[in-house]
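# Survey of secondary and tertiary structure
The primary structure of each chain is shown beneath.
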Amino acid sequence: SSDEFLRIANMQSNFLNLWIAKVDVELKNELILPAFLQESGKFLINGALTDENKIEAFSKAIENRFDDIASVEKEFVGMNGSEVTAAIFKHWNLTPNIINSIKYSDQIQKAPPKFAQHAKILHIVKLVCNITHPLDEKVVEKNKDKVKEYGFELKPFLNAIEKLEDRLLEE
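First, a word on what this report is: a plain description of the structure on this page. (Residues numbered from 1 in each chain as written. Predicted model: local features only at pLDDT ≥ 70, side-chain atom pairs only at ≥ 80, totals over all residues. Heavy atoms only, no water.)

### What about the overall build of the protein chain?
When helices and strands are counted, the protein chain shows 10 helices and zero strands. For the protein chain, the sequential pattern of α-helices and β-strands runs α-α-α-α-α-α-α-α-α-α. Compactness check: the protein chain gives a C-alpha radius of gyration of 15 Å against a globular reference of 16 Å for 171 residues, within 12% of the reference. On the principal axes, the C-alpha backbone points of the protein chain span a range of 45 × 35 × 30 Å. The 171 residues of the protein chain split such that 47% are buried. Once local pairs closer than 6 in sequence are excluded, the contacts in the protein chain between residues at least 24 apart make up 59%. When the accessible surface of the protein chain is totalled, it reaches about 9100 Å², and 52% of it is carbon and sulfur. On the protein chain, the mean spot of the 22 positive side-chain charges and the mean spot of the 27 negative ones are 5 Å from each other. (Helix = DSSP H or I, 4+ residues; strand = E, 2+ residues; numbered from the N terminus. Rg over C-alpha atoms; globule rule 2.2 N^0.38 Å. Buried < 20%, exposed > 50% of the residue type's maximum accessible area, 1.4 Å probe, protein only. Contact = heavy atoms within 4.5 Å. Areas by Shrake-Rupley, 256 points an atom, 1.4 Å probe, with all protein chains shown as cover. Lys, Arg positive; Asp, Glu negative; His and termini not counted. Charge placed at Lys NZ, Arg CZ, Asp CG, Glu CD.)

Right under this line is the structure:
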């Protein structure tokens, strides 16, 4: 739903803000909009799944593999949400920074060097604040390794998760 999309988009942009603002303010400024918009393609994926009567099967697959939603999307519709979103934004002539940061967030190994760091950050943000189980302990644990692998310090990442969890408890 649009309400759920806004909730997750806000959560992702808040998490990015809490995490990356402590690492690099300019980088945070470049990524705040892509973080907010990166799940936009899910509306089209949902429409395609509805048209093909695959919502129930898709939902079951997501429930079992919520830590790898992009692969499930690709299996069901041939593209993942990042690819769909990037295609929409390319059609709308948005900036290459927004398009490519999102496009490669689920295929880091294909990211051009200019967009690799952006894509890595959006990838982690998307996984940690995923659409079905945001801030899930299993996913956070899995992404600790990615944070280190991608060359980021773990402490700002963990502090951002803690602050976001605190904010969500206050709501």
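### Comments concerning the packing of helix α9 (residues 137-149) against helix α10 (residues 154-170)
Interaxial distance between α9 and α10 falls to 9 Å at its minimum, and their mutual angle equals 150 degrees. Judged by the inter-axis angle, α9 sits roughly antiparallel to α10. Of the two possible hands of crossing, α9 and α10 adopt the one that is right-handed. On α10, the residues touching Val-140, Asn-143, Lys-144, Val-147 and Lys-148 of α9 are Leu-154, Phe-157, Leu-158 and Ile-161. Partitioning the contact of α9 with α10 into residue classes produces six nonpolar, one polar and two charged. (Axes fitted to C-alpha atoms, helices over the stretch in contact; angles between N-to-C directions. Parallel < 35°, antiparallel > 145°, perpendicular 65-115°, else oblique. Left-handed = near helix turned anticlockwise from the far one by under 90°. Nonpolar A, V, L, I, M, F, W, Y, C, P; charged D, E, K, R; others polar.)

### Concerning the pattern of salt bridges
Scanning all chains against the criterion turns up nine salt bridges. Here Arg-65 ties to Glu-75 by a salt bridge, and the two come within 2.9 Å at their closest N and O atoms. Of this pair, Arg-65 sits in the loop between α4 (55-64) and α5 (69-77) while Glu-75 sits in helix α5; the two residues are 10 residues apart in sequence, bridging distant segments of the chain. Arg-65 gets classed as partly exposed once you look at its relative accessible area, which sits at 27%. The network of salt bridges with shared partners includes Glu-39, Lys-42 and Glu-73. (Salt bridge = Lys/Arg side-chain N within 4 Å of Asp/Glu carboxyl O.)

### Topic: the environment of Phe-115
For Phe-115, the location among the structural elements is in helix α8 (residues 113-128). Remark: the alpha-carbon pair of Phe-115 and Phe-43, spanning 72 residues in sequence, is separated by 25 Å. What Phe-115 contacts, discounting residues up to four positions off in sequence, is Pro-96, Asn-97, Asn-100 and Ser-101.

### Focus on the side chain of His-123
Mapped onto the elements, His-123 comes out in helix α8. With a relative accessible area of 9%, His-123 lands in the buried category. In this view, His-123 contacts Ser-105, Asp-106, Ile-108, Lys-146 and Tyr-150; residues no more than four positions away in its chain are not counted.

### Let's talk about the layout of surface pockets
The space that makes up the largest pocket amounts to roughly 430 Å³. Along its surface, the largest pocket is lined by 17 residues, and Ser-1, Glu-4, Lys-42, Asn-46 and Ile-131 are the ones closest to its centre. Put simply, the parts of the chain that give the lining of the largest pocket at least two residues each are α1 (2-20), α3 (42-51) and α4. With five residues, α3 is the single largest residue contributor to the lining of the largest pocket. Of the residues assigned to the lining of the largest pocket, the class counts are nine nonpolar, four polar and four charged. Roughly 240 Å³ of volume is contained in the second largest pocket. Along the wall of the second largest pocket there are 20 residues; nearest its centre are Asp-68, Ile-69, Ala-70, Asp-106 and Leu-127. Taken together, the elements giving at least two residues each to the lining of the second largest pocket come down to α5, α8 and α9. Per element, the largest residue contribution to the lining of the second largest pocket is five residues, and it comes from α5. For the lining of the second largest pocket, a count of residues per class yields five nonpolar, five polar and 10 charged. (1 Å grid on protein atoms, 1.4 Å probe; cavity = no way out; pocket = protein on both sides within 12 Å on 5 of 7 lines; lining within 4 Å. Points joined across faces, edges and corners; volume = space filled by probe spheres on them.)

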